[in-house]
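Analysis of the macromolecular model
Residues per chain, in single letters:
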Amino acid sequence: MVTTTTSALFAVPEPLGMVDREAVSEAARAATLAQNRAGATRLEAAHVLVEQFARAEQAQAEQADEAGAGSRRPAYARLDPEARARDHLVAACQLTCWHAARLVTAGTQIHRRLPRLRSTVDRGLLPEQLAVDIACRLAEVSDAIVSVVEDEVVARFTGDLDGGDRPTRNAVDSAIDDAVERHDPAAAQDAAAAAAATRSVRFRGDRNGMATMWAKLTAADAELLRRRIETDASAASADGLDGSLDQLRADALAALAVYPPAGGPAATSPGPGSGPGSGSGPAPASEHDGIELGDVRLGADLPRPTLGNAARAGQPIRISVIASAARGLPNRVEFVHGTYSSVEWLCTELLEGDDASVRFELIDPAPGVLDSPEHALRYVITPAMAERIRMRDGTCRHPGCSVPAEACDVDHVIAFNKKDPELGGPTTEWNLVCLCRKHHREKTFGTNAYRSGPLGELVIITDTGHEHRTRPKGPLARARDAIWEREWNAYADRIVADDGTLINPPGQDRYGPRRRPA
């Protein structure tokens, strides 16, 4: 029988199905140890990449100083070594930009200021993701107390792992927050104030016509919102509305999108004798610990946001329709953010929209329909072209980046030549892509080479010789893919028989005895 500990690798001399449970367990433990050590190598590689980029930047600056005044790059043209290392790791390790950025932060922190964590990681005692979580959180701790906080946290979590209890990311944050509060209460207060500046709300398209919403709020605001949603959902449930409590909570949240009547107050003050049982006006806003929870009337449905309601509130309604229905594709309304609904939904919204004015725009999915010789030689991108590129790309086109297209710059892949436009990249659809500001700067001032394809493909060749490719993923690109797939399937149906043979093999008459296929 072969045994091992966490300090040695374990090799199974035969298939796992042929050995006993103890050997299989040891093989799994050895594989985990190898995986942890591979993670340590990735963290070290991230740190070394940062060091190499920093040295290259320093060498370039020294060469510029030797060349004389005016040769050194201005500050806006200098790229952060950590950002450049992140972009290299995105494709090399098949990561998103967010994960690669955390890997770089963790690698530099572990090898520069966290010696005990580094020793633990190098021995394979910590999973890579847990090491990244700890290092990224310790990066926010001041140098004055980071050593003592590191000692406490590493000792605690290695003990938990030895007992088979892996801490969650929330447990890591809580443990470090508690340690910081004990050793530097003022720093803990400053951290709480800084955290409030990170509040945000994001929406993301989901499957089957759904979307997800992610919010980061202060604890007080989140509690107020939770109580409002719970109060409205509970009232609707007590009134007999169909749906589970979770569904009614979602309806209550959506009801907050309803605009109040124009010129009218958002809430009506109750008159004498009004209340839940009087039937003469809304119930007074309930309060709990001095917090107003909102006006809820038992017996009334939760209001539903509509296009008409938004129009009356002055919100413009503009619907862009990609012309694909004529090609036999399913009819549906697709939003730029990636969610979609049915055409029946749109018809209902318009019929029930209280005369809502809607402007329709028909978009031709064919590539290059907005290109013209006149605009091709102009540097300024027209608003219509910029909107079309954003609708095609969906997000930043750099590998692993998910910044929405509306927050990106529209940039020329082949640089536009302002002195002689005919010698540079034209302002046409195939030569334009969406890049977030960080990756726009990387393209402009970095050392990578870029080239594009006719349908918006982007190829990036790094200075190390690696080639990375991305394709557009916006609604316009998806419509093109669906059209191409349908046309290809129709073509295949015409030339391939039911038994899988070619109807018109090479060397024979094109249509043979069957004439032109239908």
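The structure displayed is predicted, hence computed values, not measured ones.

With that settled, consider the pattern of salt bridges. Throughout the structure, instances matching the rule amount to 26 salt bridges. We note a salt bridge from Arg-113 to Asp-143, for which the minimum N-O separation is 2.6 Å. Here the residue Arg-113 occupies a position in the loop between α3 (97-112) and α4 (115-122), and Asp-143 occupies one in the loop between α5 (128-138) and α6 (146-162), the gap between them amounting to 30 residues. A salt bridge links Arg-437 to Asp-409, with the nearest nitrogen and oxygen atoms 2.6 Å apart. With Arg-437 in helix α15 (residues 437-445) and Asp-409 in strand β9 (residues 409-412), this pair connects stretches of sequence that are 28 residues apart.

Let's shift gears to the packing of aromatic side chains. According to the stated counting rule, one finds 2 aromatic pairs in the structure shown. Measuring from centroid to centroid gives 6.2 Å for Trp-484 and Trp-488, while their planes differ by 5°, and the two rings are stacked. Remark: Trp-488 and Trp-484 occur in helix α16 (residues 475-495); sequence separation between them is 4 residues, near one turn of the helix. Residue Trp-488 is classed as partly exposed on the basis of its relative accessible area of 47%. Positioned over the ring face of Tyr-379 is Lys-418, at 4.4 Å from the centre of the ring. Between Lys-443 and the ring centre of Tyr-450, over which it is positioned, the NZ or CZ distance is 5.7 Å.

The next subject is the pairing of strand β2 (residues 211-216). As paired strands, strand β1 (residues 200-205) and β2 are joined by 6 bridges and run antiparallel to one another. Looking across to β2, one finds that Phe-203 is bridged to Met-213. As consecutive antiparallel partners, β1 and β2 are separated by 5 residues, and within that stretch Asn-208 has a phi angle of approximately 60°, a positive value.

So, on to the sheet that holds strand β12 (residues 458-461). Across the sheet, which stays open at both edges, the 3 strands sit in the order β11-β12-β13 with antiparallel pairing between neighbours. Each edge of the sheet is formed by a strand with only one pairing partner; in this case those strands are β11 (449-452) and β13 (467-470). Strand-to-strand twist of the sheet, defined as the mean angle between neighbouring strand axes without regard to direction, takes the value 20°. In this sheet, β13 lies alongside β12 in antiparallel orientation, the contact comprising 4 bridges. Its bridge partner lying in β13, Ile-460 is registered against His-468.

All right, on to the packing of helix α2 (residues 81-92) against α15 then. The contact between α2 and α15 brings their axes to 11 Å, and the two run at 95°. In terms of their interaxial angle, α2 and α15 are classed as roughly perpendicular. Contact residues: α2 offers Arg-84, Arg-86 and Asp-87, while α15 offers Lys-438, His-439 and Glu-442. Residue composition of the contact of α2 with α15, grouped by class: no nonpolar, 1 polar and 5 charged.

Turning our attention to the environment of His-375. You can see His-375 is positioned in helix α13 (residues 373-376). Put simply, His-375 and Thr-427 are 52 residues apart on the chain and 6.5 Å apart in space, counted from C-alpha to C-alpha. Residues in contact with His-375, not counting those within four places in the same chain, are Thr-382 and Thr-427. Of note is the side chain of His-375, whose polar atom sits 2.9 Å from the side chain of Ser-372.

This paragraph deals with the confidence of the model for the protein chain. Taken over all residues, the pLDDT of the protein chain has a mean of 80, while the share at 70 or more is 75%. Low pLDDT (under 50) marks residues 512-518, which in the prediction has 6 contacts with non-local residues, meaning those over four places away or in another chain.

Cut-offs and rules
Residues numbered from 1 in each chain as written. Predicted model: local features only at pLDDT ≥ 70, side-chain atom pairs only at ≥ 80, totals over all residues. Heavy atoms only, no water. Salt bridge = Lys/Arg side-chain N within 4 Å of Asp/Glu carboxyl O. Helix = DSSP H or I, 4+ residues; strand = E, 2+ residues; numbered from the N terminus. Phe/Tyr/Trp six-rings, centres within 6.5 Å; stacked < 30°, edge-to-face > 60°. Buried < 20%, exposed > 50% of the residue type's maximum accessible area, 1.4 Å probe, protein only. Lys NZ or Arg CZ within 6 Å of the ring centre and 35° of its normal. Pairing = 2+ DSSP bridges. Axes fitted to C-alpha atoms, helices over the stretch in contact; angles between N-to-C directions. Parallel < 35°, antiparallel > 145°, perpendicular 65-115°, else oblique. Contact = heavy atoms within 4.5 Å. Nonpolar A, V, L, I, M, F, W, Y, C, P; charged D, E, K, R; others polar. Polar contact = N/O pair within 3.5 Å; in protein donor to acceptor, adjacent residues only side chain to side chain. pLDDT = per-residue confidence, 0-100.

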